[in-house]
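The residues making up each chain are set out below.
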Amino acid sequence: MRSYDRLFIGGDWVPSAGTTTLDVVSPHTEQLVAHAPESTASDVNRAVAAARAAFDEGEWPRLTPARRVEYLAALARAYEPHVAEMATLMTEEMGSPIQFSQAGQAYAAVMLINSYVDLAQRHPWEETRSGLMGDTLVRREPVGVVAAIVPWNIPQLAALAKTVPALLAGCTVVLKPAPETPIDALLLAEIIGEIGLPKGVVNIVPGGRDLGEHLVGHPDVDKVSFTGSTEAGRRVAALCGQGLKRVNLELGGKSAAIVLDDADLSATIDGLKLVSFMNSGQTCVAQTRILASRSNYDTVVDALAELVASLKVGDPSDPQTEIGPLVARRQQERVEKYIAMGQEDGARLVVGGAGMPKGLDRGWYVQPTVFAEVDNRMSIAQDEIFGPVLVVIAFDDVDDAVRIANESRYGLAGSVWTSDVEQGMDIARRLRTGSLGINQYLLDFVAPGGGFKDSGIGREGGSEGIDAYVELKSILPKLVWASA
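Residues numbered from 1 in each chain as written. Predicted model: local features only at pLDDT ≥ 70, side-chain atom pairs only at ≥ 80, totals over all residues. Heavy atoms only, no water.

A word on the overall build of the chain. Along its length, the chain carries 15 helices and 22 strands. Relative to its length of 484 residues, the chain is compact, with a C-alpha radius of gyration of 23 Å against a globular reference of 23 Å. Here the C-alpha coordinates of the chain stretch approximately 75 × 65 × 40 Å along the principal axes. Sorting the 484 residues of the chain into buried and exposed places 58% on the buried side. Across the chain, every contact between residues at least 6 apart in sequence was considered, and the portion connecting residues at least 24 apart equals 72%. By element, 51% of the accessible surface of the chain is carried by carbon and sulfur atoms, the whole surface being about 19,100 Å². (Helix = DSSP H or I, 4+ residues; strand = E, 2+ residues; numbered from the N terminus. Rg over C-alpha atoms; globule rule 2.2 N^0.38 Å. Buried < 20%, exposed > 50% of the residue type's maximum accessible area, 1.4 Å probe, protein only. Contact = heavy atoms within 4.5 Å. Areas by Shrake-Rupley, 256 points an atom, 1.4 Å probe, with all protein chains shown as cover.)

This is the structure in structure tokens:
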């Protein structure tokens, strides 16, 4: 696995102002596998200054949208040869099962770039609106210097979901990857370096939470786009409020999958295998609250137990592995704490539980776990556990299912499983959540994704994702009566 000894600032590879490194430890072997410089506040200041100069004095925000599209199309082409390497790297960094790293992370990153490129070619950068005063020109102009702060669980998708639309809008970017996953971000810097962007348009400074706070609070940052926990998001929002900075927050989730009695149970269980356990449960959109009717409850619980008991847990580099390790020991301890809490609160442990999965003696693994007889008010039903733990909650009828699904401080994702798609659509319209699927869960890059309630502010994806990085300007050339 590659390591780095420099940061990407101002279009060049430069040494950090500090001497400490970020040590990347394999979640599977618990061994050191790579290192990168840990950025300092001084490094962030240099990166913001480079982005500020590129925005205020450089050509990037003054290029035509069509010209910026050409650069981003070139990025997609440059990225594609690195897909296999990037997937392997993320599996080594944070333990994502290689099949998910390939399809759901690295290759999906190329799809994301191409989707935005296509959208940008049709985006209304300027439009004329006729009104009582005559014709008004409405322009979309770049918001300025963007601080993009991304998590460790889907590091490339999160980075590109912010960086690509920001660049298409004409912004410049300072990207701060998580300390657990600096290497893939610096490989992205290499790829960006291949396409000849003007200096300072993209800058990448890995570091921890304190560095993120310094970046968010920097007076020369105009917009912050953050993906992470709801608790950290509150802090980001507070800092942005002090400076009236524009902010997007993509935060946590505790999403519900409603299984109706008429659903094809075999197909439903196959679908839940993906939507509940993707990335070993370390995704904010994971459907970890399974809602089943009282009349069908035991059947659903038994089917889920059979599924979970069959999941292959182990080496994330093995293509047969379905559940890999969690990212860090602290995350392993957090999930095991919730498993113990669920038992203490009276939920019935159906399969799994605390302790290492059989056949493993190292790595930050937990057993895939299912709880039954769960009250929606329990901590395991309300808190985002961020691991392979499902809770099954009984409902009386459809109205009760909707009530339970909506009784959450989160509202990020969800799904409805039924043979009656129209009924599923009706239920989906009643759920207070940002994205849903009927008999599946996938979010297309052309559609806006984001959350209600504590799941965030703003949207990523679709044309709305581009508009997150613009300011609107209205210009009225001449009053109607002035020429009369």
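Resuming the write-up.
The next point concerns the environment of Ala148. Structurally, Ala148 can be placed in strand E7 (residues 145–149). Overall, the relative accessible area of 0% leaves Ala148 in the buried class. Taking C-alpha positions, Ala148 is 9.4 Å from Gly212, a pair spaced 64 residues apart along the chain. When sequence neighbours within four positions are dropped, the list of residues in contact with Ala148 reads Lys162, Val173, Val174, Leu175, Lys176 and Ser225.

Right, let's talk about helix H2 (residues 65–79) for a bit. Along an α-helix, residues three or four positions apart point the same way, because every turn accommodates 3.6 residues. In this model, H2 (15 residues) spans 21 Å end to end at C-alpha, consistent with the 21 Å of a helix rising 1.5 Å per residue. For H2, the complete set of buried residues consists of Arg68, Val69, Tyr71, Leu72, Ala73, Ala74, Leu75, Ala76, Ala78 and Tyr79. Its buried side turned inward, H2 meets helix H3 (83–94), helix H4 (98–121), helix H5 (155–169) and helix H6 (182–193). (Expected span 1.5 Å × (residues − 1).)

With that settled, consider the side chain of Arg140. Looking at where Arg140 falls in the secondary structure, it is placed in strand E6 (residues 134–142). In contact with Arg140, other than residues within four places in its own chain, are His123, Pro124, Trp125, Glu127, Asp467, Val470, Glu471 and Leu472.

Next up on the list: empty space enclosed by the protein. The tally for this structure, following the rule as stated, stands at three cavities of 30 Å³ or more. Here the largest cavity defines a volume of roughly 110 Å³. Considering the residues around the largest cavity, the lining is formed by 16 residues, among which Ala256, Arg289, Ala405, Ala413 and Thr433 are closest to the centre. Those elements that place two or more of their residues in the lining of the largest cavity are strand E12 (255–259), helix H13 (398–406) and strand E17 (410–411). (1 Å grid on protein atoms, 1.4 Å probe; cavity = no way out; pocket = protein on both sides within 12 Å on 5 of 7 lines; lining within 4 Å. Points joined across faces, edges and corners; volume = space filled by probe spheres on them.)

What follows covers the domain arrangement of the chain. When its domains are assigned, the chain resolves into domain 1 (6–251 + 455–474) and domain 2 (256–438). Between domain 1 and domain 2, the C-alpha centre-to-centre distance is 31 Å. On the domain 2 side, the residues contacting the 26 residues of domain 1 number 30 residues. Both faces considered, domain 1 and domain 2 share a buried interface measuring about 2,300 Å² in area, 55% of it formed by carbon and sulfur atoms. (Domains from an automatic or database assignment. Buried area = accessible area lost by both parts, 1.4 Å probe.)

Our next topic: the packing of helix H7 (residues 209–217) against helix H8 (residues 230–243). One way to put it is that H7 packs onto H8 with a least axis distance of 9 Å and a crossing angle of 30°. Taken together, H7 and H8 sit at an angle that is classed as roughly parallel. The way H7 lies across H8 gives a crossing that is right-handed. On H8, the residues that touch Arg209, Glu213 and Val216 of H7 are Glu231, Ala232, Arg235, Val236, Leu239 and Cys240. Within the contact of H7 with H8, the residues separate by chemical class into five nonpolar, no polar and four charged. (Axes fitted to C-alpha atoms, helices over the stretch in contact; angles between N-to-C directions. Parallel < 35°, antiparallel > 145°, perpendicular 65-115°, else oblique. Left-handed = near helix turned anticlockwise from the far one by under 90°. Nonpolar A, V, L, I, M, F, W, Y, C, P; charged D, E, K, R; others polar.)

Among the five residues that make up E12, five are buried, leaving the element largely enclosed by the rest of the structure. Side-chain alternation along E12 places Ser255, Ala257 and Val259 on one buried face and Ala256 and Ile258 on a second face that is also buried. Judged from the five bridges that link them, E12 and strand E13 (residues 287–293) form a sheet pairing that is parallel. Residue pairing across strands places Val259 opposite Ala292, the latter belonging to E13. Running through helix H9 (residues 265–277), the crossover from E12 to the neighbouring parallel element E13 is right-handed. (Pairing = 2+ DSSP bridges. Right-handed = clockwise from strand over helix to strand, strands pointing away.)

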